[in-house]
Amino acid sequence: MGDVVSAVLSGGGDAADAEPVTVAPPKTMRRWAVNVAEWKPTQQQWMAAAGLIQPEEKERIGRFVFSIDAKLAMVGRLLIRRAVADVLGVKNPEIQLGRTKEKKPFLKCPRSADFPSFNFNVSHAGDYVVIASSPSHLIGVDVADIRKPMSETIDDFFRLMKGQFTPSEWKDINKPAKDLERLHMFYRHWSLKESYIKAVGVGLGLDLQRLEFSSDQSLTTSSNVCHGATLRIDGRLDTAWKFSQCYIDDEHCIAVALGPPEDAIPSYLSTLGIASTGVGTQAAGSPSTSKGSHSVEAQLDCPFEVLGVDDLIASAEPISSVEDEAYWEQFKLRKEKPPRR
């Protein structure tokens, strides 16, 4: 994958900051979060949820050993299907999801003539599953669970992760005097890297030291969405990609990456309904900044809304009306989660 990654990782120019403003999310994009730790599924809920997803999705979720993993996967699929239905105005049974060879989920059908590059990304960590979608730009999202590792000190943890950040990034991460603040800085940088590689669809195998981020220093657990983070690729400042950061609560931070569709790797680019004109063809400039609900500014400022599982189930039309009680029995016998390390 080395040649593909090299093609994706290109860019240059200067980055511009913008003042964070909280706005109502436009109808053409979604930013949602669900606290899965609070969801204690009833038989009716679990069976209803299972009826809303594709058979192969249901089978995959049924193979998880722990119920927390099954819940995270189920909510992720429900979020995707609800977002597609809302933005594209289609019914749930019409939605067909697929995966690229790198295992990135994408919309197979129906395709939208109005939003041919519509795409989405899901992430889960700690208590939350989150989704972000865009009608016009590549999008990646990552939520990070900011809790101290149970079996090691923060310094030990950082030593294990040493190769994932550049010296400049480590300098920023270790700048705070307090351990908890250092941990926050670590996960803010980590979620930025994850959001970018998920957006382009590159998957595993990328040398993360090629990506150097500077987190928005104005971000706090109580601030609005901030988008002053910058990215350097192989030492060169890249303005083709824009990033927003926020906290969903004191222990979970989120990063969203937005960039030109042409920067997707080939296996993902082919799913976006646009001609392949060469990866990174807009890298020297910036994503479209046209005014309106599709503008980068509007998409960066879009805040996350916390939903409940019932919000995802209530109005959706099932794919299957068969009540699979055995699926529920299998779920309720699972242990909730493995011991935390």
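Here is a short report on the structure shown in this document.

Parameters at a glance
- Residues numbered from 1 in each chain as written.
- Predicted model: local features only at pLDDT ≥ 70, side-chain atom pairs only at ≥ 80, totals over all residues.
- Heavy atoms only, no water.
- Disulfide = S-S within 2.5 Å.
- Pairing = 2+ DSSP bridges.
- Helix = DSSP H or I, 4+ residues; strand = E, 2+ residues; numbered from the N terminus.
- Axes fitted to C-alpha atoms, helices over the stretch in contact; angles between N-to-C directions.
- Salt bridge = Lys/Arg side-chain N within 4 Å of Asp/Glu carboxyl O.
- Buried < 20%, exposed > 50% of the residue type's maximum accessible area, 1.4 Å probe, protein only.
- 1 Å grid on protein atoms, 1.4 Å probe; cavity = no way out; pocket = protein on both sides within 12 Å on 5 of 7 lines; lining within 4 Å.
- Points joined across faces, edges and corners; volume = space filled by probe spheres on them.
- Nonpolar A, V, L, I, M, F, W, Y, C, P; charged D, E, K, R; others polar.

1. Focus: the state of the cysteines
- For the coordinates displayed, the defined rule picks out zero disulfides.
- Cysteine C226 shares no disulfide, and the gap to the nearest cysteine sulfur, in C246, comes to 8.7 Å.

2. Brief notes about the sheet that holds strand β9 (residues 236–238)
- Within the open sheet, the three strands sit side by side as β7-β8-β9. Their pairing is antiparallel. At either margin of the open sheet sits one strand with a lone partner, and together these are β7 (211–214) and β9. Direction aside, the axes of adjacent strands within the sheet are offset by 35 degrees on average.

3. A short note on the pattern of salt bridges
- Counting across every chain of the model gives 17 salt bridges.
- Note that R147 and E251 form a salt bridge whose closest N and O atoms lie 3.7 Å from each other. Placement of R147 in the loop between β6 (138–145) and α5 (154–160) and of E251 in the loop between β10 (242–249) and β11 (252–259) is noted, with a sequence separation of 104 residues between them.
- By relative accessible area, which is 34% here, E251 ends up partly exposed.
- Here the salt bridges share partners, and the residues they tie into one network are D127, D145, R147 and E251.

4. Focus: empty space enclosed by the protein
- Applying the stated criterion across every chain, the model contains three cavities of 30 Å³ or more.
- In this structure, the second largest cavity occupies an estimated 50 Å³ of space.
- For the second largest cavity, the full set of lining residues is F106, L107, R111, F118, N119, F120, Y268, T271 and L272.
- At the level of elements, β3 (105–109) and β4 (119–125) are the ones that each hand at least two residues to the lining of the second largest cavity.
- Counted by class, the lining of the second largest cavity contains six nonpolar, two polar and one charged residues.

5. Thoughts on the pairing of strand β5 (residues 128–134)
- The element β5 is largely enclosed, with a buried count of seven among its seven residues.
- Where burial is concerned, the two faces of β5 agree: the one with Y128, V130, A132 and S134 and the one with V129, I131 and S133 are both buried.
- When strand β1 (residues 31–35) meets β5, the two strands line up antiparallel, connected through five bridges. Counterpart to A33 in the pairing with β5 is V130.
- Of the pairings in the sheet, the one linking β4 to β5 comprises seven bridges and is antiparallel in character. Following the sheet pairing, V122 is matched in β5 by I131.

Function-wise, these values are silent; they only describe arrangement.
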